[in-house]
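A structural walkthrough
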Number of protein chains: 2
Amino acid sequence: MIDGHLDPGRTVRELRELQALTGDRRGAQRVCWTETWLSAREWLAGRLAELPVTTEIDEAGNQWATLPGRSDRAVLVGSHLDSVVDGGWLDGCLGVLAGLEVLRRVAAEGPPPATVRLVSWADEEGARFGRSLLGSGAAGGRLAPDAVRGLRDADGVALPAALAACGVDLDRAGAAKGQLRNAAAYLELHIEQGPVLEGMGLPLGAVLGTCGVERHLVRFTGQSAHAGSTPMDARRDAFLAAARLALEVRDVARRHGGVGTVGRAATRPGIATAVPGSCEITLDERHLDASVLARMLADTRSASEAIAAAERVEVAWERTWRIEPVPFDDELVALCERAIVAVAGRCHRLPSGPLHDAAEMARADVPAAMIFVQSLRGLSHTPEEDTRPEHLELAVRALDRAVSEALELAAGRAPAEPG
Amino acid sequence: MIDGHLDPGRTVRELRELQALTGDRRGAQRVCWTETWLSAREWLAGRLAELPVTTEIDEAGNQWATLPGRSDRAVLVGSHLDSVVDGGWLDGCLGVLAGLEVLRRVAAEGPPPATVRLVSWADEEGARFGRSLLGSGAAGGRLAPDAVRGLRDADGVALPAALAACGVDLDRAGAAKGQLRNAAAYLELHIEQGPVLEGMGLPLGAVLGTCGVERHLVRFTGQSAHAGSTPMDARRDAFLAAARLALEVRDVARRHGGVGTVGRAATRPGIATAVPGSCEITLDERHLDASVLARMLADTRSASEAIAAAERVEVAWERTWRIEPVPFDDELVALCERAIVAVAGRCHRLPSGPLHDAAEMARADVPAAMIFVQSLRGLSHTPEEDTRPEHLELAVRALDRAVSEALELAAGRAPAEPG
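Just so it is clear, the model here is predicted, and its values are computed rather than measured.

Next up on the list: the packing of helix H8 (residues 238-256) of chain A against helix H8 (residues 238-256) of chain B. Axis separation between H8(A) and H8(B) bottoms out at 9 Å; the angle between their running directions is 130°. What the angle tells us is that H8(A) and H8(B) run oblique. Judged by the sense of rotation from one axis to the other, the crossing of H8(A) with H8(B) is left-handed. Contact residues: H8(A) offers A:Phe239, A:Leu240, A:Ala243, A:Arg244, A:Ala246, A:Leu247 and A:Arg250, while H8(B) offers B:Phe239, B:Leu240, B:Ala243, B:Arg244, B:Ala246, B:Leu247 and B:Arg250. Class assignment for the residues of the contact of H8(A) with H8(B) results in 10 nonpolar, no polar and 4 charged.

Written out as structure tokens, the structure is:
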């Protein structure tokens, strides 16, 4: 029985303990590169001190615990302790604390077939400086110091100074990539942060990868005019063009099985008595398949041009951000699915809309996969974020099974059949 | 020939002169209760001093010139000299300066059959304190001092202090109503500020009245959610509901022959990566017929409820302002139409979306009507506001004919046939 020493209830208790230590009435406050985040890191260090592991903080501020196995090949397990401001009690820290519990179970059984390494990534959220995946990006070789050197927080503190205060030299952060040397697999448990599993009545899902994202500003320009003196058919109303496009964005997303969002609309002059002469909207489109995402974008762009012509306005596009889809490792996805079926009976495979540290591992050619546990009402990045305790416990059990099987794989042995 | 002494070209030259005196590179700067506005008033006083008229500033700051006729019954002619900040060269002052030219022509012909009174209303625009039609409203008995006493300008100056600096005691402003004692008619020439006449290729139109206005905030409340992790069919997107309503507002306006505008939309949280949990839009609907306007509003409200149900969001309405339609006097509208046909061959009857001082006269039971002259590209409240000089001259001629006929009416005589 591989979870003989596993105590998933302890993970739930430890999550509550961490919440009490690093949260307040308004939610979790473990924003990276702050005292509260450092206190969470210290709390974890205290837990790790009870185990036969070696610990270190790498050049990017990531926290590692290594339990040597009979093979140097390592299975990495982790997530992040940092949170957004007023965050939830599960986002990130669930994966770290579940990994801690798995580490305890493995350690109790004597040397594992391959090495197990728990990682708590620094600054997954980018909550203070707007650059997410900083620690895992550094380890994955994708952090360009010059691209973030000028970032400042809301108080004007520069990113390099905040990192230095936590012992991280921005220009040396890339040396964290040495941590991936013997990595055979990366496994991460995370809350879904969406409503899909709840809607299906399933506690757990296997994640196929993280969606590609296309983010644009779309600006329609018509003619501002008096709302009282301009007949309807003489108008060139930029907002109505934007309204039509927003509805089209939904149709495009439905047609292609992706998601598409207009999150903000700003009109000018922006007063009740003027026909909007210009309207700018944000567009965010996501899909797990790069070619489908490209078709979504193309469909939306041509819709915007047809709408602009029909409304006699101009349209201009400006890309603000994009990232390719990151598919996870087929073998590890199947492994996660087996682990989920073993503990919960059923599993759903789903893409992740949000990015995760696992995507940086996959982009760095470390085979990666994730397990999602159901989020209540799909809420996250808010103190209302929640998951049923019994689902959290099932999630710890599923991660434990997945790690066990991954250790066999890493050691080069055929994994045991689930059952 | 009634316009024997009329010099419409002089009106165009005087408009240019006033523009040079009270405007700058950014446009007209005759904001009411400022030095520049006072200098425009002084300039007009200088012109009036050359005529056999008595002048006065009433208790609300309105400027009057009276040319006594053989009857005490008076035909009032006027508009306003005040402008918005960075305004155009015609809005308001055209009507005053055209009236001045008509006054000259009438004075040159000896005592008219009835009295002619030129009026330059104070603070039509409400540009400094946000309360429009202040002077004509005071004369019409509709200025409640307590309703405006607390208003302040952008620099924190209180309205009563600004008026006092121009010799107006807010609590005595209502005494201006004495000016309407013998009023038999009120005629006002104004630029259209819309594109209708230009679209029809007509220089002049007779105004049927000012539209009723319904102004509301409409707030949709759904559920904010992660743009990446929330499938399309699990969303309760407040912006998409608002987008659908904005398009419906246009359909409603077209169906009923009115206008309807969504001028501003504000989403929350208002970021690219979140499905809008709430969206507030402004709604402005106008029609000349009160019952049709009520149907427009009812149609829009029921559409908003159907949309909210379909989108699984809530909708709430808040009225921010309304005014009843003010139809002008049938006989005077016909009189204006005859005058327009006489000088321009053709006339179009049209409602006014914007409010005008004439509406306050009509609401005070002074028979009122207006003549509109074509605006180029429908632009107003901007230095780009313009009208062809030949159309301005035609407009002065039409106003002159209308005043002549109104004087006959006021004196109780049948007007002469046009020709």
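Taken together, the contacts link 50 residues of chain B with 50 residues of chain A. When chain B packs against chain A, close to 4,000 Å² is buried across both sides, 63% of that on carbon and sulfur atoms. Applying the counting criterion to the chain B and chain A interface returns 4 salt bridges. A salt bridge links A:Arg254 to B:Asp233, with the shortest nitrogen-to-oxygen separation between them at 3.0 Å. When residues of the side of chain B that touches chain A are traced back to their parent elements, those giving at least two are H8, strand S11 (259-261), strand S12 (265-268), strand S13 (274-275) and strand S14 (278-287) of chain B. Per element, the largest residue contribution to the side of chain B that touches chain A is 9 residues, and it comes from H8(B). Per-class residue counts for the side of chain B that touches chain A are 22 nonpolar, 17 polar and 11 charged.

Now for the relation of the copies chain B and chain A. For the pair chain B and chain A, the superposition axis carries a translation of 0.1 Å, the fit reaches an RMSD of 0.1 Å, and the rotation angle comes to 180°. Taken together, the turn and the small shift mark the pair as related by a two-fold rotation axis. Judged by C-alpha distance, B:Ala243 is the residue of chain B that lies nearest the rotation axis, at 2.3 Å. Here 100% of the contact residues of chain B are again contact residues in chain A; the copies associate through an equivalent surface.

What follows covers the side chain of A:Thr387. Tracing the backbone shows A:Thr387 in the loop between strand S18 (368-373) and helix H12 (389-410). A distance of 2.8 Å separates a polar side-chain atom of A:Thr387 from the backbone oxygen of A:Gln374.

The subject of this paragraph is the pattern of salt bridges. Here the structure, examined in full by the defined rule, presents 57 salt bridges over all chains. We note a salt bridge from A:Arg338 to A:Glu405, for which the minimum N-O separation is 2.2 Å. Of this pair, A:Arg338 sits in helix H10 (residues 330-344) while A:Glu405 sits in helix H12, and the two are 67 residues apart along the sequence. The class for A:Glu405 is buried, based on a relative accessible area of 9%. Among the salt bridges present, the one from B:Arg349 reaches B:Glu337, with a minimum N-O distance of 3.0 Å.

Attention now moves to the side chain of A:Thr261. Structurally, the position occupied by A:Thr261 is in strand S11 (residues 259-261). Among the polar contacts made by the side chain of A:Thr261, one reaches the side chain of B:Arg235 at a distance of 2.6 Å.

Moving on to unusual backbone geometry. The residue after A:Arg268, namely A:Pro269, is reached through a cis peptide bond having omega 0°. Locating A:Pro269 in the fold gives a position in the loop between strand S12 (265-268) and strand S13 (274-275). Residues other than glycine seldom take positive phi values, yet A:Trp33 does so here, at roughly 65°. Positionally, A:Trp33 belongs in the loop between strand S2 (27-28) and helix H2 (35-48). Even without being a glycine, B:His381 presents a positive backbone phi close to 55°. Here B:His381 lies in the loop between strand S18 (368-373) and helix H12 (389-410). B:His381 sits in the partly exposed class, given a relative accessible area of 37%.

It is worth spelling out the pairing of strand S14 (residues 278-287) of chain A at this point. Residue and element names in this part refer to chain A. Of all 10 residues making up S14, 9 are buried, and the element is well covered by its neighbours. Note: strand S9 (residues 212-221) against S14, 10 bridges, orientation antiparallel. In the strand pairing of S14, Glu-214 is matched with Glu-285. Bridge count between S11 and S14: 3 bridges; the pairing is antiparallel. Directly across from Gly-260, in S14, lies its bridge partner Glu-285.

What counts as what
Residues numbered from 1 in each chain as written. Chains lettered and ligands numbered in written order. Predicted model: local features only at pLDDT ≥ 70, side-chain atom pairs only at ≥ 80, totals over all residues. Heavy atoms only, no water. Axes fitted to C-alpha atoms, helices over the stretch in contact; angles between N-to-C directions. Helix = DSSP H or I, 4+ residues; strand = E, 2+ residues; numbered from the N terminus. Parallel < 35°, antiparallel > 145°, perpendicular 65-115°, else oblique. Left-handed = near helix turned anticlockwise from the far one by under 90°. Contact = heavy atoms within 4.5 Å. Nonpolar A, V, L, I, M, F, W, Y, C, P; charged D, E, K, R; others polar. Buried area = accessible area lost by both parts, 1.4 Å probe. Salt bridge = Lys/Arg side-chain N within 4 Å of Asp/Glu carboxyl O. Least-squares fit on C-alpha atoms with pLDDT ≥ 70 in both. Polar contact = N/O pair within 3.5 Å; in protein donor to acceptor, adjacent residues only side chain to side chain. Buried < 20%, exposed > 50% of the residue type's maximum accessible area, 1.4 Å probe, protein only. Pairing = 2+ DSSP bridges.

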